[in-house]
Amino acid sequence: MPQLGLLRGRAWTVLLGQLRRPPGSVCIRAVRSHSQGQKYLQVAEALFASQLKPHQEKSNFIIKTPKGTRDLSPQQMVVREKILDVIVSCFKRHGAKGLDTPAFELKEMLTEKYGEDSGLIYDLKDQGGELLSLRYDLTVPFARYLAMNKVKKMKRYHVGKVWRRESPTKVQGRYREFYQCDFDIAGQFDPMIPDAECLKIMCEILSGLQLGDFLIKVNDRRILDGIFAVCGVPESKFHAICSSVDKLDKISWKDVRHEMVVKKGLAPEVADQIGDYVQCHGGISLVEQMFQDPRLSQNKQVLEGLGDLKLLFEYLTLFGVAEKVSFDLSLARGLDYYTGVIYEAVLLQTPVHAKEEPLNVGSVAAGGRYDGLVGMFDPRGHKVPCVGLSIGVERIFSILEQRMKTFGEKIRTTETQVFVATPQKNFLQERLKLIAELWDAGIKAELMYKNNPKLLPQLHYCENMGIPLVVITGEQELKEGVITLRSVASREEVAIKRENLVAEIQKRLSES
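Residues numbered from 1 in each chain as written. Predicted model: local features only at pLDDT ≥ 70, side-chain atom pairs only at ≥ 80, totals over all residues. Heavy atoms only, no water.

## Quick look at the overall build of the chain
When you go through the chain residue by residue, the secondary structure sums to 19 helices and 16 strands. Among the 512 residues that make up the chain, the fraction classed as buried is 46%. In the chain, 69% of the contacts between residues at least 6 apart in sequence involve partners at least 24 apart. For the chain, the accessible area works out to roughly 27000 Å², and carbon and sulfur atoms hold 53% of it. (Helix = DSSP H or I, 4+ residues; strand = E, 2+ residues; numbered from the N terminus. Buried < 20%, exposed > 50% of the residue type's maximum accessible area, 1.4 Å probe, protein only. Contact = heavy atoms within 4.5 Å. Areas by Shrake-Rupley, 256 points an atom, 1.4 Å probe, with all protein chains shown as cover.)

## Observations regarding the pairing of strand S11 (residues 386-392)
As a general feature of sheets, a regular strand has side chains that alternate between the two faces. Burial runs high along S11: six of the seven residues are buried. Here strand S5 (residues 177-186) runs beside S11; their pairing, made up of seven bridges, is antiparallel. Its bridge partner being in S11, Asp 182 is matched across the sheet by Ser 390. Pairing of strand S10 (residues 363-369) with S11 involves five bridges; the strand directions are antiparallel. Pairing of Ala 366 across the sheet is with Ser 390, part of S11. (Pairing = 2+ DSSP bridges.)

## Comments concerning helix H19 (residues 501-511)
All of the buried residues along H19 are Leu 501, Val 502 and Ile 505. Take H19 and look down its axis: the buried residues cluster within an arc of 95 degrees, on one side only. Facing away from the buried surface of H19 by more than 90 degrees, the exposed residues are Ala 503, Ser 510 and Glu 511. Buried residues along H19 sit against strand S12 (418-421), helix H16 (428-440), strand S14 (469-472), strand S15 (482-487) and strand S16 (493-497). (Arc of directions from axis to C-beta.)

## Considering the pattern of salt bridges
Considering all chains together, one arrives at 27 salt bridges under this definition. Residues Arg 333 and Glu 344 are paired through a salt bridge, measuring 3.3 Å at the closest nitrogen-oxygen approach. With Arg 333 in the loop between strand S8 (325-328) and strand S9 (341-347) and Glu 344 in strand S9, this pair connects stretches of sequence that are 11 residues apart. With a relative accessible area of 6%, Glu 344 lands in the buried category. Among the ionic contacts, a cluster of salt bridges with common partners joins Arg 70, Arg 80, Glu 394 and Glu 401. (Salt bridge = Lys/Arg side-chain N within 4 Å of Asp/Glu carboxyl O.)

## Things to note about the side chain of Ser 330
Mapped onto the elements of the fold, Ser 330 is located in the loop between S8 and S9. In this structure Ser 330 comes out as buried when scored by relative accessible area, which is 17%. Polar side-chain contacts of Ser 330 include one of 2.6 Å to the side chain of Asp 328. Residues in contact with Ser 330, not counting those within four places in the same chain, are Val 245, Leu 248, Val 278 and Cys 280. (Polar contact = N/O pair within 3.5 Å; in protein donor to acceptor, adjacent residues only side chain to side chain.)

## Topic: the packing of helix H8 (residues 221-231) against helix H11 (residues 268-278)
Geometry of a packed helix pair, given as the angle between the helix axes and the separation of the axes. Put simply, H8 and H11 touch, their axes get as near as 9 Å, and they point 145 degrees apart. Pair H8 / H11 crosses with right-handed handedness. Between H8, through Leu 224, Ile 227, Phe 228, Val 230 and Cys 231, and H11, the contact on the second element is made entirely by Val 270, Gln 273, Ile 274, Tyr 277 and Val 278. A per-class count over the contact of H8 with H11 returns nine nonpolar, one polar and no charged. (Axes fitted to C-alpha atoms, helices over the stretch in contact; angles between N-to-C directions. Left-handed = near helix turned anticlockwise from the far one by under 90°. Nonpolar A, V, L, I, M, F, W, Y, C, P; charged D, E, K, R; others polar.)

## Points about the confidence of the model for the chain
Here the chain averages 87 in pLDDT, while 84% of its residues score no lower than 70. A low-confidence stretch, residues 1-12 stays under pLDDT 50, and its non-local contacts, those more than four residues away or across chains, total 15 contacts. (pLDDT = per-residue confidence, 0-100.)

## Description of the environment of His 382
Note on placement: His 382 falls in the loop between helix H14 (373-377) and S11. According to the relative accessible area criterion, His 382 is partly exposed, its value standing at 39%. Sequence separation between His 382 and Lys 152 is 230 residues, and the spatial gap between their C-alpha atoms is 9.8 Å. Ignoring anything within four residues of it in the chain, the contact list for His 382 reads Lys 152, Val 374 and Gly 375.

## Structural notes on the nonpolar core
A general trend in soluble globular proteins is that nonpolar side chains are found buried together. Ranked by size, the top nonpolar core spans 79 residues in total, and within it Phe 91, Ile 216, Ile 274, Phe 327 and Tyr 343 carry the most contacts. Residues in contact with Ile 274, not counting those within four places in the same chain, are Phe 228, Cys 231, Val 233, Ile 241, Trp 253, Met 260 and Leu 266. (Core = buried A, V, L, I, M, F, W, Y, C linked by side-chain atoms within 4.5 Å.)

## Section: the packing of helix H7 (residues 193-208) against helix H13 (residues 300-319)
In contact at an axis separation of 9 Å, H7 and H13 are set at 45 degrees when each is read in the N-to-C sense. The orientation of H7 with respect to H13, classified from their angle, is oblique. The hand of the H7/H13 crossing is right-handed. Across the interface between the two elements, Ile 193, Asp 195, Ala 196, Glu 197, Leu 199 and Lys 200 from H7 touch Leu 312, Tyr 315, Leu 316 and Phe 319 from H13. Looking at the contact of H7 with H13, its residues break down into seven nonpolar, no polar and three charged. (Parallel < 35°, antiparallel > 145°, perpendicular 65-115°, else oblique.)

## Some words on unusual backbone geometry
The residue Lys 150 is not glycine, and still its phi comes out positive at about 55 degrees. Turning to its location among the elements, Lys 150 is positioned in the loop between helix H6 (139-148) and strand S4 (154-163). Positive phi is not limited to glycine here, since Met 192 has a value of about 70 degrees.

## Considering the pairing of S16
Alignment of S15 against S16, held across five bridges, turns out to be antiparallel. Within S16, the position partnered with Val 482 by the bridge is Lys 497. Between the antiparallel neighbours S15 and S16 lie five residues, among them Arg 491 with a positive phi of about 65 degrees.

## A word on the UniProt feature "binding site: L-histidine" (unreviewed entry) in the chain
Under the present numbering, the feature "binding site: L-histidine" (unreviewed entry) in UniProt falls on Asp 137, Leu 138, Thr 139, Arg 164, Gln 180, Asp 184, Arg 333, Tyr 337 and Tyr 338. Using a relative accessible area of 2% as the deciding quantity, one classes Asp 137 as buried. If near-sequence neighbours (up to four positions away) are discounted, Asp 137 is found in contact with Tyr 114, Val 162, Arg 164, Gln 180 and Tyr 337. Polar side-chain contacts of Asp 137 include one of 3.3 Å to the backbone nitrogen of Thr 139. Tracing the chain through its elements places Thr 139 in helix H6. The residues contacting Thr 139, other than those within four sequence positions of it, are Asp 182, Tyr 337, Tyr 370 and Leu 373. (UniProt positions renumbered as here; feature names shortened; annotations may be inferred.)

The structure is reproduced here in structure tokens:
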């Protein structure tokens, strides 16, 4: 065995190397048999372990996004931005102001606002004396904003991310992190005028996105509560039974009835009476029919709800969208804060194009009236009536993304209008001066980040990226005081006087 004193020097590396041998090897046994050697061995083992652990951890590390989230490629970002542009343009067309709120709120601000869905809220670790949660939607933060700033009237839109701790289904466009696009009208106004505008906005957006045929289901929470009351549901179970009814778009009435009776303790005969009502749907004629129901016509809440729906259909007819709306008693909207009219837009299963396969993504937009939510934040309970809608961007994106794949659509990931190129060496300074002039004129331009690029790769880049124009400068152009302007599509080239270049480019771009 080597002298143990050597371990203080260069032999450390030797011992560390020996530790990589099997535990029963001769060298390891020899060191362990010596009392002083055992001490050195313990130190060396600890050092070796500290070297090995990061390596082991790195080898087991999987690079991925968290469950229920995803990255968006440049191509996907182009599609999303187009969707958001259609939505936000519509909101602005109807006079909405932009608003933003923090991504997280005080936990107490979000609790008891979402009913059974409260369990899906992401709570954050205490980082400084405040219990915080990621926002579940954009509606409750808006109500908090109104109460905190004592705002009584506001028409606002908000585009932002929200987080829900649910089981994600990427095929149906369901994620744990996703965008919402909200439009809300806060304030005391005459009945159903703001509500009708919200439904009109839904129609404009869904038509503008060219998603195919759609239907907006409409109901009223007062009608649902009235039905529960006349059927014999205890008031303490209203929210629980409403949550069960809300599942009728996903599971059968038989399964919903089983949940009501077995899991929520509702009497079977009461559940059967509810079933007679909640499976009805139609238009204004169903509203009139409900007015004639001998049991419902005795309930004040039902009459108020039916009166508002009758007025709503009148306004929707004037807006020219009544044929897109159906009175559907199965619509419940499980969130606790809704107090009146509720609505939800679904795509009908007929694809826009023959090659497309139907994609079941559920509702693509939803909303309703929530007159009591602001009062829950106000110390004195002052209410601000509100009505609004939310567009399901991720689900809409899933449909358009599938359409892109089906038809192999090519998408430009940049908006570059002009590429600055040269066929010769030592023209970087001239190219930089030229592109600065284009940028200053508001023209979207690029160049290759090389001192002496070859011309062919520059032209190939323009063709691949869909850049329409190329400006070429070289010795001949510099001598004659001109710039060669090339059309990428036609490959036609013309010489333009240097001082007229910007005007010529702007002219061509305005004509394209």
